[in-house]
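# A closer look at the structure
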Amino acid sequence: MKGQELQPEGNYYDKYHTKNKIEQLLMKHFFHKCEVVLKEVKSKTGAILEAGCGEGEFTRFLYKKYGKSASLEAFDISRSCVAKAQKKCPNVSFRVGSIYEIPKGRSYDLVVASEVLEHMDDPALAVQSLLNVCQGYLFLTVPNEPLWRILNMARGKYLGRLGNTPGHVQHWNKRSFQKLVLEKGGVKQSL
């Protein structure tokens, strides 16, 4: 497809294992905020699905939080990412698959897509696919723009791309992301 950006497999930049102290603080803050939001989420049937698991960093977070009381399934479109994730989380059920083609017939109490939708050509279709199998909570995270791009430029990265991380084809701020998710969920709300 001419003009379309090739998606890198997994994280283009490993923000989870960075040596940069500021980035470490940002990632610690990110996981703390996820913990706060997910604190009240209880799994009724014990079924959790993570879409776009990458190398399994967020999967490991979910397993530590729910692993003993829930059945955790995860998938990614990249076979090599799934292989890496399986090594980190051997008690999780992994498969290779697309967010656009989540098999129907099973529903989950918690459906997660963390740092995934910014890579999607059609994020509205991806959210709809997640909602199709969600019977409880949908937990989504995306980079906050333009903050993420500014931070990339501050660390001297992707300057020719104005701070845009390779593979990021969608950009949201809090307001625009809420609009996407609420409209896909059938909620009309002025933000």
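Residues numbered from 1 in each chain as written. Predicted model: local features only at pLDDT ≥ 70, side-chain atom pairs only at ≥ 80, totals over all residues. Heavy atoms only, no water.

## Quick notes on the overall build of the protein
So the rule is basically this: Counting from the N terminus, the helices are the DSSP runs of H or I reaching at least four residues and the strands are the DSSP runs of E reaching at least two. In this scheme, a residue with accessible area under 20% of its type's maximum is buried, one over 50% is exposed, and one in between is partly exposed, where area comes from a 1.4 Å probe on protein chains only. Contacts between residues were defined by any pair of non-hydrogen atoms, one from each residue, lying within 4.5 Å. Note on areas: Shrake-Rupley, 1.4 Å probe, and residue coverage restricted to the protein chains presented here.
Along the backbone of the protein there are 6 helices and 5 strands. Counting every position in the protein, which comprises 191 residues, the buried fraction comes to 42%. Considering only contacts in the protein between residues 6 or more positions apart, those separated by 24 or more positions represent 67%. Accessible surface computed for the protein: about 11,200 Å², of which carbon and sulfur atoms make up 55%.

## A short note on helix H3 (residues 79-88)
Stated precisely, the cut-off is as follows: Read the arc as the range of directions from the helix axis to the C-beta atoms.
All buried positions along H3 are accounted for by Cys81, Val82 and Ala85. End-on, the buried residues of H3 take up no more than an arc of 100°, which puts them together on one face. Every exposed residue of H3 that faces more than 90 degrees away from the buried side is listed here: Arg79 and Lys87. The secondary structure elements touched by the buried residues of H3 are strand E2 (71-76) and strand E3 (93-96).

## Side note on the sheet that holds strand E1 (residues 47-51)
Note the cut-off: One requirement defines pairing of two strands: DSSP has to find at least two bridges between them. Axis lines are fitted to C-alpha atoms, over the contacting stretch for helices. Their N-to-C directions set the angle, which ranges from 0 to 180 degrees.
Pairing is parallel in the open sheet, where 5 strands are placed in the order E3-E2-E1-E4-E5. Taken across any chain shown, the strands that pair with only one partner, and hence form the sheet edges, are E3 and strand E5 (134-141). On average, each strand axis in the sheet is tilted by 20° relative to the strand beside it, whichever way the strands run. By the bridge criterion, 3 bridges tie E1 to strand E4 (residues 108-114) in an arrangement that is parallel. Residue isoleucine 48 lies in a different strand from E4, and its bridge partner there is leucine 110. In this fold helix H1 (residues 21-38) packs onto E4 and E5, with an angle of close to 160° to the strand it touches most, E5.

## Brief notes about the side chain of threonine 59
Within the secondary structure, threonine 59 sits in helix H2 (residues 57-66). Look at threonine 59 and you get buried, because its relative accessible area is 0%. Those residues in contact with threonine 59 that lie beyond four places of it in its chain are Glu50, Cys53, Leu72, Ala74, Cys89, Val92 and Phe94.

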